[in-house]
Amino acid sequence: KWPKQVTIKEVGPRDGLQNEKAFIETKDKIAWINQLSQTGLTYIEITSFVHPKWIPQLADAAEVAAKIKKVQGVTYAALVPNLKGLEGALAANVDEVSVFMSASETHNRKNINKSIAETFPVLQEVVIQAKKAGKTVRGYISTVFGCPYEGSIDVEQAIKVADKLFEMGIDELSLGDTIGVANPRQVQEVLEEFFKRFPKEKLAMHFHNTRGTALANVLASLEMGITTFDSALGGLGGCPYAPGASGNLATDDLLYMLDGMGIETGVQMEQLAKSAFFIQEKIGRKLNSHYLQTLNKS
Ligand code: HMG
Ligand code: MG
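Remember, it's a predicted structure, so these values are computed and weren't measured experimentally. (Residues numbered from 1 in each chain as written. Chains lettered and ligands numbered in written order. Predicted model: local features only at pLDDT ≥ 70, side-chain atom pairs only at ≥ 80, totals over all residues. Heavy atoms only, no water.)

The next thing to look at is the overall build of the protein chain. Looking only at helices and strands, one finds twelve helices and eight strands in the protein chain. What you see for the protein chain is a C-alpha radius of gyration of 17 Å, in line with the 19 Å of a compact globule of 298 residues. Dimensions of the protein chain, computed from C-alpha atoms along their principal axes, come out at roughly 50 × 45 × 35 Å. By the burial criterion, 56% of the 298 residues in the protein chain qualify as buried. Surface exposure of the protein chain reaches about 12400 Å², of which carbon and sulfur atoms provide 50%. Once the 32 positive and 34 negative side-chain charges of the protein chain are each reduced to a mean point, those two points are 3 Å apart. (Helix = DSSP H or I, 4+ residues; strand = E, 2+ residues; numbered from the N terminus. Rg over C-alpha atoms; globule rule 2.2 N^0.38 Å. Buried < 20%, exposed > 50% of the residue type's maximum accessible area, 1.4 Å probe, protein only. Areas by Shrake-Rupley, 256 points an atom, 1.4 Å probe, with all protein chains shown as cover. Lys, Arg positive; Asp, Glu negative; His and termini not counted. Charge placed at Lys NZ, Arg CZ, Asp CG, Glu CD.)

Below, the structure is given as structure tokens:
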């Protein structure tokens, strides 16, 4: 019934730190990513090459991407919104780039300042140029399960965007519950529709835990045969252009559950926890994932 193996994609350095009030020092980001590289994680989204006015927390993207110590077997990815972002990502030689847009018109505008229709040609060009440079490309769709501005989102809207992104040539698509409103039944219903159109091996789930449903949604996705999940260590994270968005599904909570279920990830909890305490100290507040609380208390 359960998959033997699951891939965890750590998005803490990007989705996590983009939402922190404080600017984490560049050297600390680099040190944290280097620690994450020693945990057995095979994928780390390290930063984003977006406009520094929009996301000042990640204004040091070029330096972070250039100075981390890359470990063989780990894919280092960065978010890019347009060709200017891609330029930076290629100059820093990331392994993979991620393009992103929304299923909802309003969130798309608030987040990247374009309509959905205006976004397609921009991302198409990014995918073409990234592929030319030999990079793999991941796609994200935000607000698949609900939008902070528009409320519920018709699954057909997300499928329309997914169609376009796959046509452009993305290698994998991550479905975002940007503001953590999804429930397990909805997740299975949305996936049923997606599976009619796209291979499940190319789909990943990106849950935020705003209302405490992220792990339940993981379970619902596992039952459907999804084997790739995005998460952020300690439950860091959120999108500054989605009011009410809070932490991502916590990597440590996800790992605890998968370990207990006998599902392999290759990630070592002890190393992971150490790196969580490192970044917790730099951020200056206790991270709110459940698993870390058990260690914080002891
Ligand atoms: P814009 O103002 O429309 O950009 O912003 P523009 O193309 O009109 O250019 C204006 C100026 O910005 C120009 O400079 C460009 O060079 C510069 P000027 O000529 O005026 O001096 N510029 C850039 N500078 C640096 N890096 C760039 C870049 N592009 C243009 N890449 C833009 C459009 C997309 C740039 C802006 O809206 C932006 O940066 N948005 C970022 C939003 C963001 O990062 N949101 C969070 C990530 S998404 C997320 O969290 C959801 C996810 O986790 C999944 C989920 O949970 O659902 C992925
Ligand atoms: Mg996110």
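Attention now moves to the coordination of the magnesium ion (ligand 2). Donor atoms from the polypeptide that coordinate the magnesium ion (ligand 2) comprise Asp-15 (OD), His-206 (NE2) and His-208 (NE2), at 2.0 to 2.3 Å from the metal. Mapping the donors of the magnesium ion (ligand 2) onto the primary sequence gives the spacing D-x190-H-x1-H. You'll find His-206 and His-208 in the same group, each marked buried. (Donors = N, O, S within 2.8 Å, 3.2 Å for Na, K, Ca; no water.)

What surrounds ligand 1 is a group of 25 residues, the closest being His-51, Asn-82, Asn-113, Ser-142 and Thr-178. Note that a nitrogen atom of ligand 1 is positioned 2.9 Å from one of the side-chain N or O atoms of Asn-111. A total of 1100 Å² of accessible area belongs to ligand 1 in isolation, and the protein chains cover 73% of it. Elements represented by at least two residues in the shell around ligand 1 include exactly α1 (12–16), α4 (83–91), α5 (105–112) and β5 (136–142). (Near = heavy atom within 4 Å. Polar contact = N/O pair within 3.5 Å; in protein donor to acceptor, adjacent residues only side chain to side chain.)

Throughout the structure, instances matching the rule amount to four aromatic pairs. Relative to Phe-207, the ring of Phe-145 lies with its centre 6.2 Å away and its plane at 45°, an arrangement referred to as tilted. Pair noted here: Phe-145 is in the loop between β5 and α7 (155–168) and Phe-207 is in strand β7 (residues 203–207), with a separation of 62 residues, a long-range link. You can call Phe-145 buried: its relative accessible area is 4%. For Phe-207, a relative accessible area of 0% translates into the label buried. Positioned above the aromatic ring of Tyr-43, the side-chain terminus of Lys-9 is 4.1 Å from the ring centre. The ring centre of Phe-120 lies 5.4 Å from the NZ or CZ of Lys-164, which sits over that ring. (Phe/Tyr/Trp six-rings, centres within 6.5 Å; stacked < 30°, edge-to-face > 60°. Lys NZ or Arg CZ within 6 Å of the ring centre and 35° of its normal.)

Moving on, we get to the nonpolar core. Leu-165, Leu-173 and Phe-194 are the most contacted members of the largest nonpolar core, which totals 93 residues. Here the element with the most residues in this core is α7; it accounts for eight residues. Not counting residues up to four positions away in its chain, the partners in contact with Leu-165 are Val-99, Met-101, Leu-123, Tyr-140, Ile-141, Ile-170 and Leu-173. (Core = buried A, V, L, I, M, F, W, Y, C linked by side-chain atoms within 4.5 Å. Contact = heavy atoms within 4.5 Å.)

Turning our eyes to something else, we now look at the confidence of the model for the protein chain. Here the protein chain shows a mean pLDDT of 96. Residues at 70 or above account for 99%. Taken together, the chains of this predicted complex give a pTM of 0.97 and an interface ipTM of 0.98. (pLDDT = per-residue confidence, 0-100.)

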